[in-house]
Every structure is written in structure tokens, then in C-alpha cells.
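Chain by chain, the residues run as shown.
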Amino acid sequence: MHPRDLLNEAMAGLLARPVRSVLTTLGTVLGITTLVVTLGVAATAGNQIVGRFDELTATSVTVEVPENPFPLVDWADVDRVTRLRGVVSAAALAESNQSANLTVRSNDMVDPTRVTDQTLTVVASSPGLPAAVKGRMVEGRYFDAGHIARGDKVVVLGRHAAKMLGITRLERAPAVFIGTQAYTVIGVLGDLKREKSLASAVMLPPAVGKRYGLSTVTRVLVNTGLGAAELIAKQAPAALSPGNEALLQVISPASPTRARDAVEDDVNALFLILGLVSLVVGAVGIANVTLVTVMERIAEIGLRRALGAARRHVAAQFLLESTLTGLTGGVVGASVGIVVVVAVCAAKQWTPVLDVRLAVMAPAAGAVVGLLAGLYPALRAARMEPVNALR
Amino acid sequence: MPEPVILLDDLTKEFPTDPPVRALSAINLRVERSDYVAIVGPSGSGKSTLLNMLGLLDRPTSGSYRLDGIETTMLKDSARTTVRGSRIGFVFQSFHLLPHRSVLENVMLAEVYGGGSRKGRRERALRALERVRLSHRVEFLPGRMSGGERQRAAIARALMGEPALLLCDEPTGNLDSKNTDAVLDLFDDLRAQGMTIVVITHENEVSERAARRVRITDGTLAEEEMCTRATC
């Protein structure tokens, strides 16, 4: 028997009862649609959540240094972190309650008509801060090791703090007064990506900060290369304070892979089961209808046997009919599923993420369902004796 | 001398009921090429069983059946199917046309299971339809045709592939007298063209047109002397 004849007969068999064929397909359509939507939405949603672990979060490590009778981390220790492989930049920061609300003025004049005093946070930092907060110097420069060594009375203002104090240009070396002490403003730091609160703070070199209780490091900001955060989070405490690493608290980003897996597992399990159940129901539907069709077409089977059809020809025709039913259900289900995934993404403003294999495998799964469902009816049809079938 | 188309030798069929029913007992029959044989008998006489034997639709319990020179009782199921498809054209009482396929497709179905090529199948089917004078109904669905036309379409299907034997089971059982005449005229034509025809019937009108009449009673065959309406 020519394969095209077989296909011809199977198609004619299906198209002879179009409404029944369409209804038979529905079960598979539902099952495949559910599967495609489940897997598609899960993959998409998983990716959206992973999308929030952006580069900044994924590469930021913060080490908190608790209060201790003796300083756990010295200012110079930051250099040891910088030397770790995978660290892009690092800076130490000192904050204290005493310095959190200090009165800062841009001149020493008393003017009752204006508010000249600003209450600002004053912090001390190591010279690497602009890089560590991923900011840039809007004006001037940051202080360096030389300023610190000489104990220069210089400050850098956060951009917001500078605006509040009315300092816009640095050509004339403006000064600010913290309490009664005057400091020369040498730079304005802006566009911070991390520690954005520093935009309204005043930054001092550590040597000067001692006056305001900013003598010991309270926090170390570390930026790592992509993917290095987990490793650096483990190594940084030991580098900063050998022997006391257990006392330091590390804040590091959650591993994105684990976050994605957790999301997919949650969403998938229930709906996958739902999809598989629908698919089984669809298979039972195909099996049922094909069996009914076989019983209805006993005379046709007898005729075909009389015309010289072997048992395998009869079996092949009914198998092909059920497989084509399943395949149609798979194709329609995959299409509807993909449309639903895209619609959900459009409604949620997500970027649809679709595994190409899913679009190919879904129709194939439908065909397999049809094939399995057709096995028993096809066997029944093939077993039929021509004598009985023609009666 | 050429092989006869049908040669039955002590063909016996028993059904394994309790007690066993002997539907055919040691039947002998010889049908030569271009014979036109009517097998008559009352219902329950074994007509259908004999038809199933001749059509290779069922196996005998014992005896031998040579069809066109081929000993069929020893053949395996698949080989019997092949012989059935290639040597026998069936004509049924209820036509057995597929209702959703056109007349042409129904006729072409006869060649689907043979080894024949798809090329030229349509032309061969059209020629077969021409032989039964149904060229004007080629694209019709069977449901829109008269009983006689449907039976002629079924005969066209049986003629596809040039079978050695046209085996007809009550071919006029569902037809009125006018259509019966048309079908019987067609059988006469076919026989004149050299076709071997075996008709199983209980209608006298049909059996009288045959050249030879064989009566089956309680599983045994008896040749009947032919008489025309004038002599009986």
C-alpha cells in the first residue's frame, strides 16, 4: 500500500465526520494548551524575576562592622579587599550617631531672615568612595591619601548637600562650617548608584573625622565583577579582619539561579499536573471516539478486507487517523498556548520568553497522545474477521 | 487445458458449536473460465457459508479449494488476503459503497491495497465506470444515486484490477425489477466479454439468466437442469 494512499484514506476517514473529529481534538487541544501556557508563563515569569537581579544588585557586597572594644577593621585594611580577585572597587565608611545630625553652614554670618544652618550627616570615608558608590565627581575632586596623611581640613559634599548649602562652583575654594570648624570644599559627588543617602551627606577624610566620633570603620562597600559576588562575600571578612571574620556581617545578593529555580518549581508543579491530566483526558477521549468509529465502520472494514486490505493496513489507517487527530490537537494547542503566553506578557508588560523546543515538542506530544490512544481501537479493527465484518 | 477458475474438492465446513453444525459437507464444484453460475437455495442451506469459502473470507474445515490454479486452503492469512484482493471482485447485496466518497473514489479504492501503481488509476477507474455505463455519475456521492446505479458502481469497483472471478452475493436483493434487469443485462455483457461470474441468490429471475444453476440444500450441492420459461 502506498503511503499516500494510506494518508488519503485516513484523511478521508477523519473528514467524513468533521464535527466529531473537531470535538475529539478538543481534549488534546486543552491539554497541550495548558502545558504550553504553564511552561511558557513559568519561563517568562522566572525571567522577569531574574531580570530584577540586575548588574548593580548582583555585584554589590556590603560588609557591616559592628561596634567592638578594639577596631575590627582599620582604614588601611580596605586595600586588602581591593587586591582580591573579582573585586572592582572598595571603600571604607565610618558613620556614627554623634555625626548623623550636625549643623553645617556655608558661611559664618548670622542672618535672621534666612535659614543658613543645615542639619546634615557627616561621614568619614577612605579615598576610594566615588568608585565604590559608582558615582562621579560633579565638581572638583575627592580627597586622596595625601589629604589624609597631612590631616588637611577638606570635605567633599554630596550633590544634594551642596545644593542645600548653596555651593555650586568651587573656583573660589568655598568653605563650610561644621559646628565652628571651617573646611575647604574640594569636590561635589553626584550620580550615586549605591548608598544614595550620601548625596545629602558631608564626607571627611578619616583623620579629620575623629573629631566627630568617626574614628573606626563601620561599613565596607565592595563592588565585584559579575558572578564574583558570592565568592567575594565569603572572602572579604577574612581579608578585612583576619581572625575576627565571624564578627563581621556580610550582605550579599541572593544567587539568581536559585531564585529562578524556586519560582519555576512553585508555578510549574501544579499546572504541569493539570496539563498532564487534561492530556490523559484528551487521550481517553480520542480512544473512546476512535473505538466508536471502529464499531460504526465495521462494514467499511469488511469491505476493505474484501478488497485485499491486510490486517496491518486496517490497523495503520485507524492509527494514522487517531495520530492525525492528536497532531491537530497538538498544533492547535501549541498555537493557542503561545498566543495566551504572549497575551499574558502583554497584560503584565513582561518580555515573553519561549523555549523553541516547546513549540516543536507540543505538536509532537499531541501526535504521541493520539498514537497511544489509537492503539487499542486499531487493534480491535485489525482483529475483526472479514466474514463477521461484512455480515 | 487451462485451470478452472474454481475447483472445490470435498470441501467441508463445520462450525464448532455444541453439537457441531456441518454447514457444507464434502462439496465438489468446478467453474470454468467465462462460466456464469447461479447458486440457489433456501436460507439456512449453507449459501452464505459457501460464499465465504469462495471469497476466501473464511477457512474450510477440510477439503481443497483451488482458485485460478492456486491451492488456497494452505495459504497464510496475508497470502489469502493478497489472492482475495487480486483475483476476486465482490458484489454485495448492500453495495458497501463508502457514503462520503464520490463514485470515482469508491471505484479507485479497489486498487489502494494492491501493489499497483497510483499512476493511471483514475483512468482505469473511469474505464471501469464506462463498462457499467455510469460515466455520467463519476463525481456523484452514492447517496444521491438510485439503487441500480449504486450496484453498478459497486460492480465497476469489482471489475478494477481484472479479477478472475466476479463473486456476487444477492446482487439484486435491494433492487426493484427495472434496476434488477439493468444489472442482469450488465452481467450478460460482462460474461460475453469473458468474465467468470458466480451469483448467489434466491431469486428465480436472477438464476434463470445464468447459464448454469447449482442448488444447495443442507450443505450439499446438486446441479440443476436448466429450463427456460417456455419448457417449465
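Here the structure is shown first, and the text comes after it.
Note that this is a predicted model, so its numbers are computed, not measured. (Residues numbered from 1 in each chain as written. Chains lettered and ligands numbered in written order. Predicted model: local features only at pLDDT ≥ 70, side-chain atom pairs only at ≥ 80, totals over all residues. Heavy atoms only, no water.)

A. Region of the structure containing the overall build of chain B. Along chain B, the regular secondary structure elements total 7 helices and 10 strands. Judged by the C-alpha coordinates and their principal axes, chain B covers about 50 × 45 × 40 Å. Across the 232 residues of chain B, 50% fall into the buried class. Restricting to contacts in chain B with at least 6 residues of sequence separation, those with at least 24 account for 68%. Accessible surface for chain B amounts to roughly 10400 Å². Of this, 50% is attributable to carbon and sulfur atoms. (Helix = DSSP H or I, 4+ residues; strand = E, 2+ residues; numbered from the N terminus. Buried < 20%, exposed > 50% of the residue type's maximum accessible area, 1.4 Å probe, protein only. Contact = heavy atoms within 4.5 Å. Areas by Shrake-Rupley, 256 points an atom, 1.4 Å probe, with all protein chains shown as cover.)

B. Looking closely at the overall build of chain A. A tally of regular secondary structure across chain A gives 14 helices and 11 strands. In terms of overall dimensions, chain A has C-alpha extents of about 115 × 55 × 30 Å along its principal axes. When each of the 391 residues of chain A is scored for burial, the buried share is 47%. Long-range contacts, defined as pairs at least 24 residues apart, comprise 82% of the intrachain contacts of chain A with a sequence gap of at least 6.

C. Local environment of the interface of chain A and chain B. Taken together, the contact between chain A and chain B spans 23 residues of the former and 20 residues of the latter. Here chain A and chain B share an interface that buries about 2200 Å² over both sides, 59% of which is from carbon and sulfur atoms. Together, Leu303, Leu307 and Val387 of chain A form the three largest contributors to the area buried by chain A at its contact with chain B, with a combined 26%. Measuring nitrogen to oxygen at the nearest pair gives 2.5 Å for the salt bridge that ties aspartate 5 of chain A to arginine 118 of chain B. Summed over the shared surface of chain A and chain B, the result is 6 residue pairs in polar contact (both at pLDDT 80 or more). (Buried area = accessible area lost by both parts, 1.4 Å probe. Salt bridge = Lys/Arg side-chain N within 4 Å of Asp/Glu carboxyl O. Polar contact = N/O pair within 3.5 Å; in protein donor to acceptor, adjacent residues only side chain to side chain.)

D. Geometry of the side chain of threonine 44 of chain A. Residue and element names in this part refer to chain A. Here threonine 44 is to be found in helix α2 (residues 18-52). Looking at threonine 44, its side chain comes within polar contact range of the main-chain oxygen of glycine 40, at 2.7 Å. With sequence-adjacent residues up to four places away left out, threonine 44 is seen in contact with Val341, Cys345, Trp350, Thr351, Pro352 and Val353.

E. Quick look at the nonpolar core. With 85 residues, the main nonpolar core has Ile6, Leu166 and Phe187 of chain B as its most contacted residues. It is helix α5 (residues 147-159) of chain B that contributes the most residues to this core, 6 residues altogether. For isoleucine 6 of chain B, the contacting residues outside a window of four places in its chain are Leu29, Arg30, Val31, Leu54, Tyr65, Arg66, Leu67, Leu165 and Val198 of chain B. Judged by nonpolar contacts, the second largest core, of 46 residues, contains Val185, Leu214, Ala236 and Leu240 of chain A. (Core = buried A, V, L, I, M, F, W, Y, C linked by side-chain atoms within 4.5 Å.)

F. Structural context of empty space enclosed by the protein. All names here are of chain A. Taken as a whole, this structure holds 2 cavities of 30 Å³ or more when the rule is applied. The calculated volume of the largest cavity comes to roughly 160 Å³. Secondary structure elements with two or more residues in the lining of the largest cavity: α1 (3-15), α2, α10 (256-296) and α12 (311-348). Its residues placed into classes, the lining of the largest cavity shows 4 nonpolar, 7 polar and 4 charged. (1 Å grid on protein atoms, 1.4 Å probe; cavity = no way out; pocket = protein on both sides within 12 Å on 5 of 7 lines; lining within 4 Å. Points joined across faces, edges and corners; volume = space filled by probe spheres on them. Nonpolar A, V, L, I, M, F, W, Y, C, P; charged D, E, K, R; others polar.)

G. Quick peek at helix α1 (residues 47-54) of chain B. All names here are of chain B. α1 sits mainly inside the fold: 7 of its 8 residues count as buried. Where α1 is concerned, the buried positions are Lys47, Thr49, Leu50, Leu51, Asn52, Met53 and Leu54. Leucine 56 sits one or two residues past α1 and shows a positive phi near 60 degrees.

H. Focus on the pattern of salt bridges. According to the stated counting rule, one finds 42 salt bridges over all chains in the structure shown. Ionic pairing is found between lysine 13 of chain B and aspartate 58 of chain B, a salt bridge with its closest N-O pair at 3.8 Å. Taken together, the residues lysine 13 of chain B in strand β1 (residues 6-15) and aspartate 58 of chain B in the loop between α1 and β4 (62-67) connect sequence positions 45 residues apart. Close ionic contact of aspartate 188 of chain B with arginine 209 of chain B constitutes a salt bridge, the shortest N to O distance being 2.9 Å. With aspartate 188 of chain B in helix α6 (residues 177-192) and arginine 209 of chain B in helix α7 (residues 204-209), this residue pair connects regions lying 21 residues apart in the sequence. Connected through salt bridges with shared partners, the residues Glu9, Arg297, Glu300, Arg304 and Glu321 of chain A together with Arg101 and Glu105 of chain B form a single ionic network.

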